[in-house]
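Each chain, letter by letter, is given below.
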Amino acid sequence: MADTEITGARTAGTRTAVAEAAVPRPRRRVDYGSLATHLVLSLGAVVMVFPFLWQALTALKSLAEVSRVPPTFLPDDWNWSSFDEVFTALPFREMLTNSALATAGRTAGQLVFCSLAAYAFARMRFRGRDVLFGLFLSVLMVPSSLLVLPQYDIIQQFGLLNSTPALFLPGMFSAFGTFLLRQAFLALPKELEEAARIDGAGSFRIFWSIMLPLIRPALAALAVITAMTAWNDLLWPLIVNTDPETMPISAGLTSLEGQYETNYPVMMAGSLIASLPMLLVYVFLQRHFVQSVAFTGSKG
């Protein structure tokens, strides 16, 4: 009897499945808007990635292939010697070290000084606060090239020419960093600060233990922007550090450009190696960078 019931149940289930399969399912509509969006984003990704791909392929070509007209996309012979030549043509390790130290010093300085100034402008009340902040923002309208001469005089008077501190000392504070972090502090609720003051916490304790950890996305965004700016800075290092041993990699690569001939495979190999640290920094801090854009823009 039980076997008959099981067989009947199986037969009914099979009939139901056949009936459901016989019913025609509605065709899935194509979302042309989403398709067009993905197409545009894909084309944009190709445009963004192509210069890096061309840079890598140029580093793997010989000098004769680079000078060929019309140019070739793939190298005939994969030449890896350019990555060795860049370490002999330049004090490449010393330049990478100088770039790393200058980037770390400039980034750390901006995170410290800009966060302190931003907290004061956002949370503290004092006479002339808004006027002083307006003066800070006016610095953003001044071209950075106008500040080169006075900054050079200061560095020269301190005897810091051809030294690593000369690369990052003038850039340890920025009006943009202060504005970015001020917007992040303004987006925090006032109740946190009031509760901390009731518990007896001072201004610096509130800043360090409560407010600063809450704006980590904005700090990460400022760190990425400052690090990329410091790593790619060219004009200032060429002025203050003329000794190849004290140059950063951005200034050192320019010395590979000759008056009559330039070894482009070696230059592209050096540029490719120099760009890798910043790509890694952005990959690790990308999530915080995107969060900061949404976080700081939520309140003016």
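Computed from a predicted structure; not experimentally measured.

Analysis parameters
- Residue indices begin from 1 for each chain and proceed along its sequence in written order.
- For this predicted model, a pLDDT threshold of at least 70 governs which residues receive local features, and a threshold of 80 or more governs which side-chain atom pairs are given and counted, while totals over whole chains, interfaces and linings are taken from all residues.
- Just so you know, side-chain values use all the structure's heavy atoms and leave hydrogens and water out.
- Helix and strand definitions here come from DSSP, where helices need a minimum of 4 consecutive H or I residues and strands a minimum of 2 consecutive E residues; each element is numbered from the N-terminal end.
- Each residue is assigned to one of three classes by its accessible area relative to the maximum for its type, calculated with a 1.4 Å probe on protein chains only: buried under 20%, partly exposed between the two thresholds, exposed over 50%.
- Whether two residues are in contact is decided by their heavy atoms: any pair within 4.5 Å suffices.
- Only the protein chains shown count as cover for residues, and the accessible areas themselves come from Shrake-Rupley with a 1.4 Å probe.
- Summarising the geometry, the arc corresponds to the directions from the helix axis toward the C-beta atoms.
- We call a set of buried residues a nonpolar core when its members are Ala, Val, Leu, Ile, Met, Phe, Trp, Tyr or Cys and they connect through side-chain atoms within 4.5 Å of each other.
- When a carboxyl oxygen of Asp or Glu lies within 4 Å of a side-chain nitrogen of Lys or Arg, that pair is called a salt bridge.
- Note on definitions: angles span 0 to 180 degrees between N-to-C directions of axes, and those axes are lines fitted to C-alpha atoms, for helices only across the stretch in contact.
- Left-handed describes a crossing whose near helix is turned anticlockwise from the far helix through less than a right angle; right-handed describes the clockwise counterpart.
- Residues are grouped as follows: nonpolar covers Ala, Val, Leu, Ile, Met, Phe, Trp, Tyr, Cys and Pro; charged covers Asp, Glu, Lys and Arg; every other residue, Gly included, is treated as polar.

Peer 1: Which residues make up the overall build of the protein chain, and what values do they have?
Peer 2: Broken down by element type, the protein chain carries 15 helices and zero strands. Looking at the protein chain as a whole, 34% of its 300 residues are labelled buried. A sequence separation of at least 24 residues applies to 72% of the contacts in the protein chain between residues at least 6 apart. Working note: accessible area of the protein chain is about 19000 Å², and carbon and sulfur atoms make up 66% of it.

Peer 1: Before we move on, can you summarise the side chain of T58 with the specific residues and values?
Peer 2: Within the element layout of this structure, T58 appears in helix α2 (residues 32-59). A relative accessible area of 7% places T58 in the buried class.

Peer 1: How would you summarise helix α4 (residues 82-89) if you had to cite specific residues and measurements?
Peer 2: Buried residues of α4: S82, F83 and V86, and no others. Along the axis of α4, the buried positions cluster into a sector of 105°, meaning they face one direction only. Turned more than 90 degrees from where α4 packs its buried face, D84 and T88 sit exposed.

Peer 1: Hey, could you go over the nonpolar core for me, with residue numbers and the actual values?
Peer 2: Counting residues in each nonpolar core, the largest one holds 19 residues, and the members touching the most others are Y119, L181, F185, M211, L212 and I215. The leading source of residues in this core is helix α9 (residues 175-186), at five residues. Discounting residues that sit within four places of it in the chain, M211 has contacts with Y119, R123, F185, L188, L192, E193 and I206. Of all hydrophobic cores here, the second largest spans 15 residues; its members include M95, W231, I249 and L253.

Peer 1: Which residues make up the pattern of salt bridges, and what values go with them?
Peer 2: Under the definition given, this model contains five salt bridges. Put simply, D76 and R68 hold a salt bridge, and the shortest N to O gap is 3.1 Å. Taking the relative accessible area as the measure of exposure, D76 reaches 48% and is therefore partly exposed. Among the ionic pairs, D233 bridges to R106, the shortest N-O distance being 3.7 Å. With D233 in the loop between α12 (216-232) and α13 (235-240) and R106 in helix α5 (residues 92-123), this pair connects stretches of sequence that are 127 residues apart. Members of the salt-bridge network, linked through shared partners, are R123, E193 and R197.

Peer 1: Break down the environment of S203 for me, citing the residues and quoting the values.
Peer 2: One can find S203 in helix α11 (residues 203-214). Since its relative accessible area comes to 28%, S203 is described here as partly exposed. The contact partners of S203, leaving out residues within four places of it in the chain, are Y119, M124 and R197.

Peer 1: Give a detailed account of the packing of helix α10 (residues 190-198) against α11, specifying residues and quantitative values.
Peer 2: Between α10 and α11, the shortest axis-to-axis distance is 10 Å and the interhelical angle comes to 145°. The hand of the α10/α11 crossing is right-handed. Where α10 approaches α11, its residues L192, E193, A196 and R197 are matched on the opposing element by S203, I206, I210, M211 and L214. Residue classes in the contact of α10 with α11 are distributed as six nonpolar, one polar and two charged.

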